[in-house]
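Coordinate inspection notes
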Amino acid sequence: MADTVLYEVSDGLATITLNRPEAMNALNIATKSALREAAESAAGDTAVRAILLTAAGERAFCVGQDLKEHIGLLVSDREAGTGHTMNTVKDHYNPIVRALAGAPKPVVAAVNGVAAGAGFGFALAADHRIVADTASFNTSFAGVALTADSGISWTLPRVIGPSRAADLLLFPRSISAQDALELGIANRVVPAAELRAEAERTARALAEGPTVAYAAIKEAVAYGLTHSLTETLDKEDELQTRAGASEDHAIAVQAFVNKEKPKYLGR
């Protein structure tokens, strides 16, 4: 894995850190490939019970595509008569978003600075976003004559509604942390100096929780967004049966009876 993305697993928590602060954590090919590898590893590792996605530096969470690299690739495409550059959506962005949004465990994004373009998309792929009071969001795509990618056309309307999402996509502009909180993009806003500690506390608390139940909650919410009430009720029945058969459920019930704090096993 390239050093542009750091990956660490500790006590059930996988921490993925974008590590190009000098470039505002822009996404060049090496970074996108490493992030895809880290996200897929964390999602598929049964020893990982929660994921924390964050970034190095103070200025940016991720400003999206590295346009300096991108323009060179576009020139090469034109000269060769190919269109390989835009394969990055299929090869990188889509797998990253699928891994984060579809992970059978909670994903927390700690947004420390500007989250633009695909960086915004990756933050929205998380289940819970803790945002520094100095951070901001920007869709950015239309500003460089592109359409939405990194899942934003699916996630953003579901977070803020289709009309507001279309407005932010058609008229890209900076959204402050406070505005993001009011829109529902941010779940919590904290002082920048406290962001990492607060995000780690939250992610570690989730890593110690009932992983099977968390996975079922994520699946139920995603399913309910695109299915009828009758279908969703059937899905809830299926998922509740699965959760009810978990060791964690038995542990939780026994702890409740004993008036103790449950110690979950994640299975």
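Check the entry above for the structure.
A short tour of the structure in this document, coming up. Please read all numbers here as calculations on a predicted model, not as lab measurements. (Residues numbered from 1 in each chain as written. Predicted model: local features only at pLDDT ≥ 70, side-chain atom pairs only at ≥ 80, totals over all residues. Heavy atoms only, no water.)

Okay, the overall build of the protein chain next. Scanning the protein chain from terminus to terminus reveals 11 helices and 10 strands. Against the globule reference of 18 Å for 267 residues, the protein chain gives a C-alpha radius of gyration of 19 Å, in line with a compact fold. Looking at the protein chain residue by residue over its 267 residues, the buried ones come to 43%. When contacts within the protein chain are restricted to residue pairs at least 6 apart in sequence, long-range pairs at least 24 apart make up 68% of them. (Helix = DSSP H or I, 4+ residues; strand = E, 2+ residues; numbered from the N terminus. Rg over C-alpha atoms; globule rule 2.2 N^0.38 Å. Buried < 20%, exposed > 50% of the residue type's maximum accessible area, 1.4 Å probe, protein only. Contact = heavy atoms within 4.5 Å.)

Moving on, we come to the pairing of strand β7 (residues 128-132). Of all 5 residues making up β7, 4 are buried, and the element is well covered by its neighbours. One ladder, built from 3 bridges, connects β7 with strand β10 (residues 188-190); its direction is parallel. Residue pairing across strands places Ala 132 opposite Val 190, the latter belonging to β10. (Pairing = 2+ DSSP bridges.)

The subject of this paragraph is the packing of aromatic side chains. According to the stated counting rule, one finds 2 aromatic pairs in the structure shown. When the ring of Tyr 93 is compared with that of Phe 122, the centres are 6.0 Å apart and the planes differ by 65°; the resulting orientation is edge-to-face. Placement of the pair is Tyr 93 in helix α3 (residues 88-102) and Phe 122 in helix α4 (residues 118-125), with a sequence separation of 29 residues. Given a relative accessible area of 3%, Tyr 93 falls into the buried group. Its relative accessible area of 1% is what places Phe 122 among the buried residues. For the pair Phe 120 and Phe 137, a centre-to-centre distance of 5.1 Å together with 50° between the ring planes defines the contact as tilted. Here Phe 120 is found in helix α4, whereas its partner Phe 137 is found in strand β8 (residues 136-138), with 17 residues between them in sequence. The exposure class assigned to Phe 120 is buried, which follows from its relative accessible area of 0%. (Phe/Tyr/Trp six-rings, centres within 6.5 Å; stacked < 30°, edge-to-face > 60°.)

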